[in-house]
There are 2 protein chains.
Amino acid sequence: MAAQRSRRKRPSMNDVARLAGVSQTTVSFVVNNVESANIPPETRKRVWKAIEQLGYRPNAMARSLRSSRTHTLGFISDEVATTPYAGQMIQGAQDAAWEQDNLLLLVNTGADARLEEAAIETLLERQVEGIIYAAMYHRSVSPPSIIHEVPTVLLDCFIPDRSLPSVTPDEVQGGYTATETLIKAGHRRIAFINNKDDIPATRGRLAGYKKALADYHIPFDETLVQIAGAGPSGFNSYEATYQLMHLANPPTAIFCFNDRMAMDTYQALHRLGLSIPDDVAVIGFDNQEIIADILRPGLTTVALPHYQMGWWAAQHLLQLIENIDAPAPSSPVQHTIACPLVLRHSV
Amino acid sequence: MAAQRSRRKRPSMNDVARLAGVSQTTVSFVVNNVESANIPPETRKRVWKAIEQLGYRPNAMARSLRSSRTHTLGFISDEVATTPYAGQMIQGAQDAAWEQDNLLLLVNTGADARLEEAAIETLLERQVEGIIYAAMYHRSVSPPSIIHEVPTVLLDCFIPDRSLPSVTPDEVQGGYTATETLIKAGHRRIAFINNKDDIPATRGRLAGYKKALADYHIPFDETLVQIAGAGPSGFNSYEATYQLMHLANPPTAIFCFNDRMAMDTYQALHRLGLSIPDDVAVIGFDNQEIIADILRPGLTTVALPHYQMGWWAAQHLLQLIENIDAPAPSSPVQHTIACPLVLRHSV
DNA sequence: ACGTATTACTAATAGGTATTAGTATAATAT
DNA sequence: ATATTATACTAATACCTATTAGTAATACGT
C-alpha cells in the first residue's frame, strides 16, 4: 500500500499483447473498441484479462503524439491567489473542460510580462489545444502576441482591439437589475454610489442605472450619483451616504457599486439611526458572500457570474477548437454573462 | 494577428533539419545544447536560423514519450471553488512547481468518490509524475487506493493510517501563538471560544491554548472555555461572549476559534458597551482578510498558511519524485506549517 | 468445385524526439 | 608515411499508440 517506489516502467500495449498472445494491433482494437475489426468475444476477454493482470493503462502522451489532439487547455492568469473569485472561475472552466474530456494545465504569472510569454511558450510546447487567459475585474489586458498562435479566450478581461473572443460580466444589465429591483420595490428616489476608477464596471453599471430609470420614467438626478473610493481612507461610501442623506430630498434607496461599499453605507445609515430596509433600501454588487451574509439585514446584491464565465470560456474555447477548420472566421465574439440578483433582506 | 485558423501541422525537427541542411540528430543536439557533440558555431547558427524561420517549437509530448519525464503534477481537489483559500493553495503549488519547470494539471471532483477515481485515472493516463491531493479545513480524507500508484502528497488533509505524506497547519502552535500574544499583552484571564466539531483544528487550538497558559504559569480555568457554533442559528459566539462577560470574574481577553466567530464576539462586546482592545482584547484565527479588515478595530488574528502549504506540497512532491529510487522509504512525513500572527489592532 | 466474402487476425508505419553507435574527414603525433 | 585522435557530423533505433494495408483460414453461394 506504500507509494510506488522506483520509476518502474509502466506496461505497454506490447506487454499486454505478449501476455495475451496477440499482436499489439489487436490490443489497440480491443482497448478502443473498434467495431470494424472483428475481434471475437473470447479474444477480447483474453486481452482484457491481460490488461487487468498487468495493470495496463493507455499512455495519453503517446496517443496524442499520433492524433495531435491533447485534450488539454491552458489556463493562464496573472493573479490567481489574490482574490476569492479566482477559484470559481477555475472551477467553471475545469467543469466545462471535464465534461468534454479535457483537462486544464494551469499557469500563473505575477503580471510579469516576460514570465507571461515564457508561460505561454511552455503551454504551447505542451501542445495545449487552446488557452484561457484569465484576469480579474473585467479589465483591459495586453497579452504577448505569441498567444495568437493558438485559439484563445479572454476571461473577465478584454483587449481594446477586440481581436480575441472574451467573456465578461454584463455590467449594464447588472446595474439595470439592481436599479429595477429598487424601483419595483416602490422606490423613486434612488441614489447610486459609483466607484471612482474609470473601468468598464464603473461606466457599465452607471449606464444600467440610467437605463432603468429611463425605462420607468424616473428623471435622472445628478445629485443622487456619488463617486467614492473603497477602503477607510479618502472619500468613501460612508461619507457619500452621509452626503446623500443630507440632501434636501434624500433618497429612499441606495445602489452601491459593490458590497464593500454597501458595508460602509450600512454603517453610515446605522449611525444616522435609519433602518434598512424600512427607511432606506440598500443593494450591492459582487455578492461577496462573507460580507453579504454578515451584514444585518442580509445584503441583497447582484452577483458576478465567475463560475459561469469560467464555464463559458472553456466551453467556447472547445467549440473554437472543434471548428478550427470551419469557413468564415467571423469576428471574435465578445460574450457577456448576466449578473443575477441575489435576494436577501436589504430591499 | 487573428487566432490561428486550421490545425496547421507544426514544424518538427525534421523540417528544421531539412531547411538547415543537417540531420535531425544535429538539430536535437543544437536545441538541447549537447556539449559532447562538437557542433561548430556556424552550424549552430544555421540551425537556429532555420528554427526561427519556421517558428519551430519542441514538442513536449514527443520528448516525454522518450524520456518518461513529463514534468507535470496532478492537482486534485474536491472543492476548489467554494472557499476563498483554494486559490492560494493552488498558487503556492503552482509557484513551487514552476520553479522547477513543472506544471499543474488540474482536476476537481465534487466529492463524488467515483468521479474522483476516474479523475485520478485520467491523471495517471496523462503520465503525471505525482499527485497533490487537496482538501480543505485540515480534514480526514480517504482517497481511492489507486492513488498509491504514484507519489502523492496530501494538502490540508490527512489519512488516518498516515500512509501518505501530508502538510497541514500547525494548529497547536497557532493556538499557542494566539494565547501567548494575549499573555504578552498583559492578560491573565483569557477566554477561548472553541468550535463545536471534533476536528484537528478544534483539538489542536485548544491544546495550544492550554500549553501557553501552562508555560506562563496561568492556571487553566474551565469556565473560560466556551464551545459555540458558527453562523446565526444555535448557540454562537455572540451568546458565548455574553456568558463569558457575565462571569463573576470575566475575561479581559478572548481568543476566538475563527474570524467569523470573532465578528460575533465584536458585536456582543459592542452591545455590552465594552471597547476593543481597551476593555477586552480579541484575537481570531484564519485571517479572512475581508472580515479582519472590515472590523473596527482591525482584527488581530492567526493566519492559515495556505500558500505555504501549497508550496510545500509541490516542493515535497518533486523531491519524492526525484528520490524515487532512493534507499529507505522512511515513513511518510507529516509536515506541519506554522500559522503566523497577523497584527492589527484588537489586542 | 470454384470464386467470393467473411472472419480473425498481423506487419508495417507514422508521429517527434533523444540517444547510441557509428562514419568520414582533417589534424596531429611519431 | 603511418597510426592516432579529434572534429563534425549521420543512421538507426526506441519510446507507445493508431491506423492502413494486408494475409491466412474458413464459410458461403451456385
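Residues numbered from 1 in each chain as written. Chains lettered and ligands numbered in written order. Predicted model: local features only at pLDDT ≥ 70, side-chain atom pairs only at ≥ 80, totals over all residues. Heavy atoms only, no water.

**A word on the packing of helix α1 (residues 13-20) of chain B against helix α2 (residues 24-31) of chain B**
Residues and elements named next belong to chain B.
- Their axes nearest at 8 Å, the elements α1 and α2 cross at an angle of 105 degrees. Taken together, the axis directions place α1 and α2 in an arrangement best described as roughly perpendicular. Residues Met-13, Asn-14, Val-16 and Ala-17 of α1 pack against Gln-24, Val-27, Ser-28 and Val-31 of α2.
- In terms of residue class, the contact of α1 with α2 is built from five nonpolar, three polar and no charged. (Axes fitted to C-alpha atoms, helices over the stretch in contact; angles between N-to-C directions. Helix = DSSP H or I, 4+ residues; strand = E, 2+ residues; numbered from the N terminus. Parallel < 35°, antiparallel > 145°, perpendicular 65-115°, else oblique. Contact = heavy atoms within 4.5 Å. Nonpolar A, V, L, I, M, F, W, Y, C, P; charged D, E, K, R; others polar.)

**What about empty space enclosed by the protein?**
- Scanning all chains against the criterion turns up one cavity of 30 Å³ or more.
- Estimates place the volume of the largest cavity at around 40 Å³.
- Forming the walls of the largest cavity are Ile-294 and Arg-296 of chain A together with Arg-260, Met-263, Asp-264 and Gln-267 of chain B.
- Considering each element in turn, the lining of the largest cavity owes the most residues, four residues, to helix α10 (residues 259-271) of chain B. (1 Å grid on protein atoms, 1.4 Å probe; cavity = no way out; pocket = protein on both sides within 12 Å on 5 of 7 lines; lining within 4 Å. Points joined across faces, edges and corners; volume = space filled by probe spheres on them.)

**Some details on the protein's contact with DNA strand D**
- Surrounding DNA strand D, one finds 25 residues, the nearest of these being Met-13 and Tyr-56 of chain A together with Thr-26, Thr-43 and Arg-66 of chain B.
- Backbone atoms, meaning sugar and phosphate, form 57% of the atoms of DNA strand D found within 4 Å of the protein.
- Separating a phosphate oxygen of DNA strand D from a side-chain N or O atom of Asn-32 of chain A is a distance of 3.0 Å.
- Only α1 (13-20), α2 (24-31) and α4 (60-67) of chain A together with α2 and α4 (60-67) of chain B provide two or more residues apiece to the surface near DNA strand D. (Near = heavy atom within 4 Å. Polar contact = N/O pair within 3.5 Å; in protein donor to acceptor, adjacent residues only side chain to side chain.)

**Points about the sheet that holds strand β9 (residues 281-286) of chain A**
All names here are of chain A.
- In space, the six strands of this open sheet follow the order β7-β6-β8-β9-β10-β12, with mixed pairing throughout. Among the strands making up the open sheet, the edge pair consists of β7 (225-228) and β12 (341-342).
- Where strand β8 (residues 253-256) lies against β9, three bridges are found, and the strand directions are parallel. In the strand pairing of β9, Phe-255 is matched with Ile-283.
- In this fold helix α7 (residues 171-184) packs onto β6 (190-195), β8, β9, β10 (300-303) and β12, with an angle of close to 165 degrees to the strand it touches most, β9. (Pairing = 2+ DSSP bridges.)

**Brief notes about the packing of aromatic side chains**
Residue and element names in this part refer to chain B.
- Scanning the model with the defined rule gives ten aromatic pairs over all chains in all.
- Between Phe-192 and Phe-255, the aromatic rings sit 4.5 Å apart at their centres with planes inclined by 20 degrees, giving stacked as the arrangement. You can see Phe-192 sitting in strand β6 (residues 190-195) and its partner Phe-255 sitting in strand β8 (residues 253-256), a full 63 residues away along the chain. Across the pair, exposure class does not vary: Phe-192 and Phe-255 are buried alike. (Phe/Tyr/Trp six-rings, centres within 6.5 Å; stacked < 30°, edge-to-face > 60°. Buried < 20%, exposed > 50% of the residue type's maximum accessible area, 1.4 Å probe, protein only.)

**Examining the domain arrangement of chain A**
- According to the domain assignment, chain A contains domain 1 (13-58), domain 2 (72-169 + 307-338) and domain 3 (171-303).
- For domain 1 of chain A versus domain 3 of chain A, the distance between C-alpha centres works out to 66 Å. (Domains from an automatic or database assignment.)

**Brief notes about the relation of the copies chain B and chain A**
- Mapping chain B onto chain A is achieved by rotating through 180 degrees and translating by 0.0 Å along the same axis, at an RMSD of 0.1 Å. Taken together, the rotation angle and the small translation identify this as a two-fold axis.
- A share of 100% of interface residues in chain B that are also interface residues in chain A marks the association as one of identical surfaces. (Least-squares fit on C-alpha atoms with pLDDT ≥ 70 in both.)

**Structural notes on the interface of chain B and chain A**
- In this complex, chain B contributes 71 residues to the contact, which on the side of chain A involves 71 residues.
- Buried area between chain B and chain A, summed over both chains or domains, comes out near 6600 Å², and the portion from carbon and sulfur atoms is 55%.
- Seen at the junction of chain B and chain A, the total is four salt bridges.
- A salt bridge links Arg-57 of chain B to Glu-121 of chain A, with the nearest nitrogen and oxygen atoms 2.3 Å apart.
- Summed over the shared surface of chain B and chain A, the result is 17 residue pairs in polar contact (both at pLDDT 80 or more).
- Secondary-structure elements contributing two or more residues to the side of chain B that touches chain A are α4, α5 (86-99), β2 (103-108), α6 (113-125), α10 and α11 (289-294) of chain B.
- When residues of the side of chain B that touches chain A are assigned to their parent elements, the largest contribution, eight residues, is made by α6 of chain B. (Buried area = accessible area lost by both parts, 1.4 Å probe. Salt bridge = Lys/Arg side-chain N within 4 Å of Asp/Glu carboxyl O.)

**A closer look at the pairing of β6 of chain B**
All names here are of chain B.
- Within β6, six of the six residues are buried, which leaves the element mostly enclosed by the surrounding structure.
- Neither face of β6 is exposed, since Ile-190, Phe-192 and Asn-194 on one face and Ala-191, Ile-193 and Asn-195 on the opposite face are all buried.
- Judged from the four bridges that link them, β6 and strand β7 (residues 225-228) form a sheet pairing that is parallel. Looking at β7, one finds that Phe-192 is bridged to Val-225.

**A word on the side chain of Arg-44 of chain B**
Residue and element names in this part refer to chain B.
- Within the fold, Arg-44 resides in helix α3 (residues 41-54).
- No salt bridge is formed by the buried Arg-44; its nearest oppositely charged neighbour, Glu-35, is found at 5.3 Å.
- Once residues lying within four places of it in the same chain are set aside, the contact partners of Arg-44 are Val-30, Asn-33, Val-34, Ala-37 and Ile-39. (Lys, Arg positive; Asp, Glu negative; His and termini not counted.)

**A look at the packing of α1 of chain A against helix α3 (residues 41-54) of chain A**
All names here are of chain A.
- Viewed as axis vectors pointing N to C, α1 and α3 meet at an angle of 120 degrees, and their least axial separation amounts to 9 Å. The orientation of α1 relative to α3 falls into the category oblique. Of the two possible hands of crossing, α1 and α3 adopt the one that is right-handed. Residues Asp-15, Val-16, Leu-19 and Ala-20 of α1 lie in contact with α3, whose contacting residues are Arg-46, Val-47, Ala-50, Ile-51, Gln-53 and Leu-54.
- When its residues are assigned to classes, the contact of α1 with α3 shows seven nonpolar, one polar and two charged. (Left-handed = near helix turned anticlockwise from the far one by under 90°.)

**A word on the protein's contact with DNA strand C**
- Among the 26 residues in the neighbourhood of DNA strand C, the closest are listed as Thr-26 and Thr-43 of chain A together with Met-13, Tyr-56 and Arg-66 of chain B.
- Backbone atoms, meaning sugar and phosphate, form 55% of the atoms of DNA strand C found within 4 Å of the protein.
- At a separation of 2.7 Å, a phosphate oxygen of DNA strand C approaches a polar side-chain atom of Ser-23 of chain A.
- Take Asn-59 of chain B: an N or O atom from its main chain is 3.1 Å from a phosphate oxygen of DNA strand C.
- Of all the secondary-structure elements, those providing two or more residues to the surface near DNA strand C are α2 and α4 of chain A together with α1, α2 and α4 of chain B.
- Examining the composition of the surface near DNA strand C, we find that four residues originate from one element, α2 of chain B, more than from any other.
- For the surface near DNA strand C, the residue count by class is ten nonpolar, twelve polar and four charged.

**Topic: the nonpolar core**
- With 49 residues, the main nonpolar core has Phe-75 and Leu-155 of chain A together with Phe-75 and Leu-155 of chain B as its most contacted residues.
- With residues near it in sequence (within four places) discarded, Leu-155 of chain B still touches Phe-75, Met-89, Ile-132, Tyr-133, Ala-134, Ala-135, Val-167, Met-309, Gly-310 and Ala-313 of chain B.
- By size, the runner-up hydrophobic cluster in this structure holds 43 residues, among which are Ile-190, Leu-213, Ala-228 and Leu-299 of chain A. (Core = buried A, V, L, I, M, F, W, Y, C linked by side-chain atoms within 4.5 Å.)

**Some words on α6 of chain B**
- For α6 of chain B, with 13 residues, the first-to-last C-alpha span of 18 Å sits near the 18 Å given by 1.5 Å per residue.
- Burial in α6 of chain B covers these residues: Glu-116, Ala-119, Ile-120, Leu-123 and Leu-124 of chain B. Seen along its axis, α6 of chain B keeps its buried residues to an arc of 135 degrees; they face one direction.
- Among the structural elements, α5 (86-99) and β2 (103-108) of chain A together with β1 (72-77), β2 and β3 (130-140) of chain B are those in contact with the buried residues of α6 of chain B.
- Two or three places before Arg-114 of chain B, at the opening of α6 of chain B, Asp-112 of chain B has a side-chain oxygen 2.9 Å from that residue's backbone nitrogen.
- Among the residues trailing α6 of chain B, Gln-127 of chain B stands out with phi positive, at a value near 65 degrees. (Expected span 1.5 Å × (residues − 1). Arc of directions from axis to C-beta.)

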